[in-house]
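Below are the chains, spelled out letter by letter.
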Amino acid sequence: MDMIKRIFQYKSVNLEKLTAYGFSKKSDIYSYHAALSDSGFDMAVYVTEHGEVTASVMDTTLNEPYTLHLVDGAVGSFVGSVRLEYEQILTEIARGCFDPEIFQNRQTKEVIAYVKEKYKDELEYLWKKSPNNAIVRRKDKGKWYAAILTVSRRKLGFDSDEIAEVLDLRMKPEEVEKSVDGQIILPGYHMNKKHWITICLDGRVSLEKICALIDESYKLAVR
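So, a few notes on the structure that sits alongside this text. Just so we're clear, the structure is a prediction, and the values are computed from it rather than from any experiment.

1. Here we look at the sheet that holds strand β8 (residues 134-137)
- Pairing in this open sheet of 5 strands is antiparallel, and the strands run β8-β9-β10-β12-β11 from one edge to the other. Edge positions in the sheet fall to β8 and β11 (185-187), since each of these pairs with one other strand and no more. When the angles between neighbouring strand axes are averaged without regard to direction, this sheet yields 30 degrees.
- Pairing analysis gives 3 bridges linking β11 to strand β12 (residues 196-200), with the strands arranged antiparallel. Bridging across to β12, Leu186 finds its partner in Thr198.
- The strands touched by helix α6 (residues 207-220) are β9 (144-152), β10 (163-170) and β12; relative to β10, the strand with the most contacts, the crossing angle is about 45 degrees.

Rendered as structure tokens:
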């Protein structure tokens with residue numbers, strides 16, 4: 001996997017952050033230039049509105065592209081310093097101008113969009129050891145009302161190691177008892193099973209029902 005693909009994998013561009021970072025826009029391309037301090041070379045980074053990233057390094061003395069830093073077998077202190085600074089700049093741009101896009105399922109993305117639109121809440125990635133898991137909390141109370149996780153189906157009680165994207169939600173205890181069936185509505189994964197449920201975001205539960213359950217969970221996250 002090449003460096004750019006590795007750095008920007010599972011990330012989506014935030015165009016407002018690009019502008020704030022110092023990118024300039026021409027047509028549908030955002031561009032950013034930086035001088036590589038150790039070599040004096042010029043580095044240009046280009047990002048499309050769809051988040052496609054390309055980058056180049058220019059030897060300003062010879063006025064020609066420099067590419068040795070992209071060759072795996074190229075060694076030496078000079079090429080190493082260019083490669084390191086090139087990677088550092090791309091990593092900083094990924095952190096400063098791109099948002100995590102860990103979740104790939106269509107229904108998961110619909111759930112995230114619903115939460116953002118209705119409650120103006122963003123996902124929070126709290127765990128360094130579990131970077132593919134996120135929570136959503138009420139701004140006024142600071143309480144979680146949803147968690148979106150990636151977990152092996154086997155840990156959910158199914159006979160499969162496939163990774164599932166799931167949604168944890170609060171629910172009244174009497175409703176939990178009536179709703180959990182072990183197939184579609186599951187006991188809350190890594191949560192208090194008396195007060196939380198888990199839904200696999202694979203289309204078996206309609207988006208309309210999930211949104212109604214999110215609304216109820218939001219109301220319950222008050223203390």
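2. A closer look at the pairing of strand β5 (residues 53-59)
- Inspection of the sheet shows strand β4 (residues 42-48) paired to β5 by 6 bridges, in the antiparallel sense. Among the inter-strand pairings, Asp42 is bridged to a residue of β5, identified as Met58.
- As consecutive antiparallel partners, β4 and β5 are separated by 4 residues, and within that stretch Gly51 has a phi angle of approximately 90 degrees, a positive value.
- Pairing geometry for β5 and strand β6 (residues 64-66), over 3 bridges, is antiparallel. Each residue of the ladder has a partner; that of Asp59, found in β6, is Glu64.
- Counted along the chain from β5 to the antiparallel partner β6, the turn is 4 residues long, and its residue Asn63 has a positive phi close to 55 degrees.

3. A word on the state of the cysteines
- Under the definition given, this model contains 0 disulfides.
- Of all cysteine sulfurs in the structure, the one in Cys211 sits closest to Cys200, which takes part in no disulfide; the separation is 17 Å.
- Since its relative accessible area comes to 2%, Cys200 is described here as buried.

Criteria and thresholds
- Residues numbered from 1 in each chain as written.
- Predicted model: local features only at pLDDT ≥ 70, side-chain atom pairs only at ≥ 80, totals over all residues.
- Heavy atoms only, no water.
- Pairing = 2+ DSSP bridges.
- Helix = DSSP H or I, 4+ residues; strand = E, 2+ residues; numbered from the N terminus.
- Axes fitted to C-alpha atoms, helices over the stretch in contact; angles between N-to-C directions.
- Contact = heavy atoms within 4.5 Å.
- Disulfide = S-S within 2.5 Å.
- Buried < 20%, exposed > 50% of the residue type's maximum accessible area, 1.4 Å probe, protein only.

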